[in-house]
Amino acid sequence: MRDFVNIAVLVSGGGTNLQALIDAEKSGVLKSGKIKIVISSSYGAFALERAKKSGIKTAVITKKDFKTAKEKEAALIKTIEENDIDLIILAGYMSILSESFTKRFDKRIINIHPSLIPSFCGEGFYGLKVHEAALEKGVKVTGATVHFVNEIPDGGEIIMQKAVRVLKKDTAETLQKRVMRLAEWKILPQAAEKVSKNILRKGVSE
Ligand code: GRF
């Protein structure tokens, strides 16, 4: 039996959270799982460059290349299964996953969201919008959450959270950066290790 979990990281953009996972694997924070493949929903994602630089296999599975969302998802499933993936990490992945997908990989998909769920989450809350909403509401504390992914947007079981103070002079941009640096890049690798360790305990196939 393998003594590590095969991880697929799904990305769409810059990939700073992917970088945090790569660094965590190198430093040993993430030791129960290995990133086997990075799958991007867009050809232009800088995350792909980060993966290549670290010698990690990449794939692009994008809507444009398929007639229907169902066909695109079938291609995604095929890639995940061909690579014997045990854990899927959504790190800034901007594409919608169907209910049948999340059910198929129940408790095997985790996501990082840049707020303290249940605040500022669910449909429409992504990217800067999350931080704009937090500033608009005037919260004094925000943060990030890693959670399991189910059919409800940002609705799955919470795995880890970290709070970050909101400063008076914050703009959505400065808040976003601080939440990433102080919370997201820390808890995503820690949660990946926690979940990988649990999956390993149950056993993964060769
Ligand atoms: C992060 O803020 C993450 O919380 C959200 O999307 C952003 C991705 O950034 N889900 P990056 O591509 O990891 O730099």
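Look up: the structure comes first, before these words.
Okay, so let's go over this structure.

Definitions and cut-offs
Residues numbered from 1 in each chain as written. Predicted model: local features only at pLDDT ≥ 70, side-chain atom pairs only at ≥ 80, totals over all residues. Heavy atoms only, no water. Helix = DSSP H or I, 4+ residues; strand = E, 2+ residues; numbered from the N terminus. Buried < 20%, exposed > 50% of the residue type's maximum accessible area, 1.4 Å probe, protein only. Contact = heavy atoms within 4.5 Å. Areas by Shrake-Rupley, 256 points an atom, 1.4 Å probe, with all protein chains shown as cover. Pairing = 2+ DSSP bridges. Axes fitted to C-alpha atoms, helices over the stretch in contact; angles between N-to-C directions. Arc of directions from axis to C-beta.

### Some points on the overall build of the protein chain
Looking only at helices and strands, one finds 6 helices and 7 strands in the protein chain. Mapped in sequence order, the helices and strands of the protein chain form the string β-α-β-α-β-α-β-α-β-α-β-β-α. For the C-alpha atoms alone, the extent of the protein chain along its principal axes is close to 50 × 40 × 30 Å. The 206 residues of the protein chain split such that 50% are buried. Put simply, of all contacts in the protein chain between residues at least 6 apart along the chain, 67% involve residues at least 24 apart. For the protein chain, the exposed area adds up to about 10,700 Å²; of that, 53% sits on carbon and sulfur atoms.

### A short note on the side chain of T62
Tracing the chain through its elements places T62 in the loop between β3 (57–60) and α3 (69–82). Its relative accessible area of 5% is what places T62 among the buried residues. Once residues within four sequence positions are removed from consideration, T62 is found in contact with S41, Y43 and K72.

### Some remarks on the sheet that holds strand β1 (residues 5–11)
If you trace the 7 strands from one edge of the open sheet to the other, you get β3-β2-β1-β4-β5-β6-β7, paired in mixed fashion. One side of each edge strand has no neighbouring strand; the edge strands of this open sheet are β3 and β7 (158–165). Within this sheet the neighbouring strands show an average axis-to-axis angle of 20°, counted without direction. Inspection of the sheet shows β1 paired to strand β2 (residues 33–40) by 7 bridges, in the parallel sense. When the bridges of β2 are listed, V11 appears paired with S40. Packed on one face of the sheet, α3 meets β1, β2, β3 and β4 (87–90) and runs near 155° to β2.

### Considerations on helix α2 (residues 46–53)
Buried within α2 we find A47, L48, R50 and A51. Here the buried residues of α2 occupy an arc of 160° about the axis, which is enough to place them on one side. Looking at the packing, one finds that the buried side of α2 touches β1, α1 (16–27), β2 and β3. Directly after α2, the chain includes G55, whose backbone phi takes a positive value near 70°.

Function cannot be inferred from these measures alone, as they are strictly geometric.
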